[in-house]
Structure formats: structure tokens, C-alpha cells
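# Summary of the model geometry
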Amino acid sequence: MNPKDRIKELQQELTHAQYLYYVKDAPTMSDFEYDKKYRELVDLETAYPEYIVPSSPTQRVGMKVEGSFEKVVHGRPMLSLSNVFNADEVRAFASRVEKELGHKPSAYVVELKIDGLAVNLHYENGMFVRAVTRGDGRVGGEDVTANVRTIKSIPLYLENAPEFIEVRGEAYMPHSEFKRINEERDEEGGLPTFVNPRNAAAGSLRQQDPAITASRNLAFFAYAIGSEEGASIHSQEELLKSLENFKFSVNPHYRVCQTIDEVIETINYWEEKRHDLPYDTDGMVIKVNSFDDQEALGSTAKDPKWATAYKYPPEEVETILKDITINVGRTGVLTLLVSLNLYSCLVQM
């Protein structure tokens, strides 16, 4: 086989292996075999750089970011969600929806609200070209493309994709990775540990060196689209299935509910069950399923009228203050390291 064809074959094999491992959790290739083929691909691409493509598995980790992250304007706003806190407020949300539509929605989709960092991914002719954080929802999102490329559950190329599409979702840190990183930081001379997985994920995405982001093994769930050209999707349920077909990781625990009673039943089910998940959630998101209904309902200046977030009550636990260490920086800033029996946190004064 000539080098060009072998490079293409390896790129496809390894990309599919990453998808099975990081998205489907169903690996078919051993780590040894993957590493061997990856090394072969690196050697061939080094010898024949003209055959390197941006979607190659070897291209996930790029150059360091120089200076601050570029600010980017979203093509379509990334609005926040209104909040509800009990069953009565869920029913009130449904009543407002029905009143404005003049009929009951055919269905609602209820999804776990992943506690991470919202990211907007840009694809042109199927190729991943940019990743932007939410920022203020309209202007102010930061270009974190180099770091997001390192997230292996995010495809670098979409087959049969529209000419342009923005895919939105949540970058997050799994519990196992959060635990591993904090243990390593503690062993490396008592470095401050991360307070929670969300802060760890946010900090990891804003590293100047993508290699650091890559070492922290972030993950990603896709759940929405922004601006697009050529997509033909008519409901949230159809959208989630389309994202799966694009080989994104879509949280499998969403439910299509025909009534608001089913919505509340789903919320109640996950109140305790969510603690068994390998990642953090901070509520449930309720969405009107039909895109026609969503368009008819529209949005306020802050949030869509067709969706809301159910927030579970905050958990209260007792802890013990173990120690407080005060460090004085060269500019006179006092940094307090507060050690509790649950975790450590930093406070600046």
C-alpha cells in the first residue's frame, strides 16, 4: 500500500476507534494496538506532511495560545435559561406555553442539565473550524479552538453535514478525572486542588497550552444547534438523534414526555438517581419539542420562552475546618488556602 493510502486508512481507523472509546464506551481496539497504529501514523505524516488533514487524530493538540483569547460574536445568541424550583412552577411554565401557543405542545423533552461550560462549535462543510465559549451569550465568547480540539469525544469532521452548522453543548470533567487530577496535584507538593469539576473544566479550557487541556481528559455532551445553513431538523428529539448520527456524544438519559405530569415524574426520578452518574448535574432542562412551536414562542431578551431549567435544592452538608494557610503575594494580595474535610479552596483578599 502506498503511503498516501496507508495514512488515510490509519486516520479513519483511529478516528473510529476514538469514537467507539470516548463516545460509545465500546472499544474494539486494545490500547497497545491503538498506540502502535498511532505511532505509525505519526511517523508517516512526519515523512509525508502533504497528506496531513485537519481531522487527523494527530492534529488534536496544537500550538500554545499567545496572549489573551480572541473574543467572538455568536451568530445566534446563546441565551441563558429561566429557572423553576418546584412542581407548581413547572406547571405554571407549561400553562404559559399553552396560553401563548393557543394549544398544548405535542411533547416536551427533558434532559439532564450537565454542570460544565457551554461551548459553541463551528463546522464548515463538515470540518471543525472554531470553538467559542458562551461568554455573555451574544458578544464576548472566547475562541478556545486549540483547547477544544483536544476533547476526544468531539468529532473533527462531520459526515453528511450541512454547509455550515454550529453545534452547542457542555464541556465537562468526569468525576474520575477530577479525582485523579486533585490527587496528582496534592502529591506534587501540595498544589491547590480544584474545588469542583465545573471549575476544573472551565480552567482547563482556558489554558494557554493545549497540551495541559489534553492531559485533563475533558468530555462533551452535545444538545443544541445555533446558526446553520442547510440543516433540516424539526424537533428537539430529531436534533438529538441527528447529533448522534454526526457521532457526537449525546446524553442518553433524555426523555420525550407527552404530558407535564410525565415531565414532573422524570424530574422526581432524577433527584436522587443523578448522584449515581459519573459527572455532575445541577438540574433538568425542559424544552418544547417542536421547533415550529419554539419559533412561535420566541424569546425574551434573556431566555427562550420554550425552555426552562428545573433546579434541585442545594445540598447541605456539615464539614470541619481543618486548617487555614495565608500566603502574601509580591503585590500584597493575601491568598487563603482553606482546608475542609471535604475539599480545599482558595480565597483572595
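As the structure is a prediction and not an experimental result, all values here were calculated from the model. (Residues numbered from 1 in each chain as written. Predicted model: local features only at pLDDT ≥ 70, side-chain atom pairs only at ≥ 80, totals over all residues. Heavy atoms only, no water.)

### A short note on the sheet that holds strand β5 (residues 127-133)
- The four strands lie next to each other as β5-β4-β7-β8, forming an open sheet whose pairing is antiparallel. On the outer flanks of this sheet lie β5 and β8 (219-229), each paired with one strand and no other. Across the sheet, the mean angle from the axis of one strand to that of its neighbour is 25°, orientation sign disregarded.
- Sheet analysis places strand β7 (residues 164-172) next to β8, joined by eight bridges and oriented antiparallel. Bridge pairing in β8 links Y172 to A219.
- Where helix α6 (residues 197-205) meets the sheet, it contacts β4 (117-124) and β7, and its direction lies at approximately 40° from that of β4.
- The sheet strands contacting helix α8 (residues 236-245) are β7 and β8, and the helix crosses β8 at an angle near 115°. (Pairing = 2+ DSSP bridges. Helix = DSSP H or I, 4+ residues; strand = E, 2+ residues; numbered from the N terminus. Axes fitted to C-alpha atoms, helices over the stretch in contact; angles between N-to-C directions. Contact = heavy atoms within 4.5 Å.)

### A word on the packing of helix α1 (residues 3-23) against helix α2 (residues 31-47)
- Where α1 meets α2, the closest approach of the two axes is 10 Å, and the angle between their N-to-C directions is 145°. Considering how the two elements wind past one another, α1 and α2 form a crossing that is left-handed. Across the interface between the two elements, R6, I7, L10, Q11, E13, L14, A17, Q18 and Y21 of α1 pack against D31, Y34, K37, Y38, E40, L41, L44 and E45 of α2.
- Of the residues belonging to the contact of α1 with α2, the class tally is nine nonpolar, two polar and six charged. (Left-handed = near helix turned anticlockwise from the far one by under 90°. Nonpolar A, V, L, I, M, F, W, Y, C, P; charged D, E, K, R; others polar.)

### Here we look at the nonpolar core
- By size, the foremost hydrophobic cluster in this structure holds 38 residues, and its most contacted members are L121, Y123, V148, F220 and F248.
- Within the residue set of this core, elements represented by two or more residues are β4, β5, β7, α5 (175-187), α6, β8 and α8.
- Look past the residues within four positions of F220 in its chain and what remains in contact with it is V119, L121, I151, S153, I154, R168, G169, E170, A171, Y172, F248 and S249.
- In terms of nonpolar packing, the next biggest core, distinct from the first, is built from 29 residues, A94, V110, L112 and W306 among them. (Core = buried A, V, L, I, M, F, W, Y, C linked by side-chain atoms within 4.5 Å. Buried < 20%, exposed > 50% of the residue type's maximum accessible area, 1.4 Å probe, protein only.)

### Some words on the packing of aromatic side chains
- This model, assessed by the stated rule, comprises eleven aromatic pairs.
- Ring centres 6.4 Å apart and planes at 50° place the aromatic pair F93 and Y108 in the tilted group. Placement of the pair is F93 in helix α3 (residues 87-101) and Y108 in strand β3 (residues 108-114), with a sequence separation of 15 residues. Summarising the burial analysis for this pair, F93 and Y108 share the class buried. (Phe/Tyr/Trp six-rings, centres within 6.5 Å; stacked < 30°, edge-to-face > 60°.)

### Quick word on the side chain of E177
- Position of E177 among the secondary structure elements: in helix α5.
- Setting aside anything within four residues of it in sequence, one finds E177 in contact with S215, R216 and N217.

### Structural notes on the sheet that holds strand β9 (residues 255-257)
- Taking strand neighbours across the sheet as the criterion, the five strands line up as β2-β11-β10-β3-β9 in an open arrangement whose pairing is mixed. Where the open sheet ends on each side, the last strands, each with one partner, are β2 (83-84) and β9.
- Where strand β10 (residues 281-288) and strand β11 (residues 307-310) come together, four bridges link them in antiparallel fashion. Bridging across to β11, K287 finds its partner in A307.
- On the sheet, α3 packs against β2, β3, β10 and β11 and is oriented at approximately 130° with respect to β3.
- Along the sheet, helix α9 (residues 260-273) contacts β3, β9, β10 and β11; its crossing angle with β9, the most-contacted strand, is approximately 150°.

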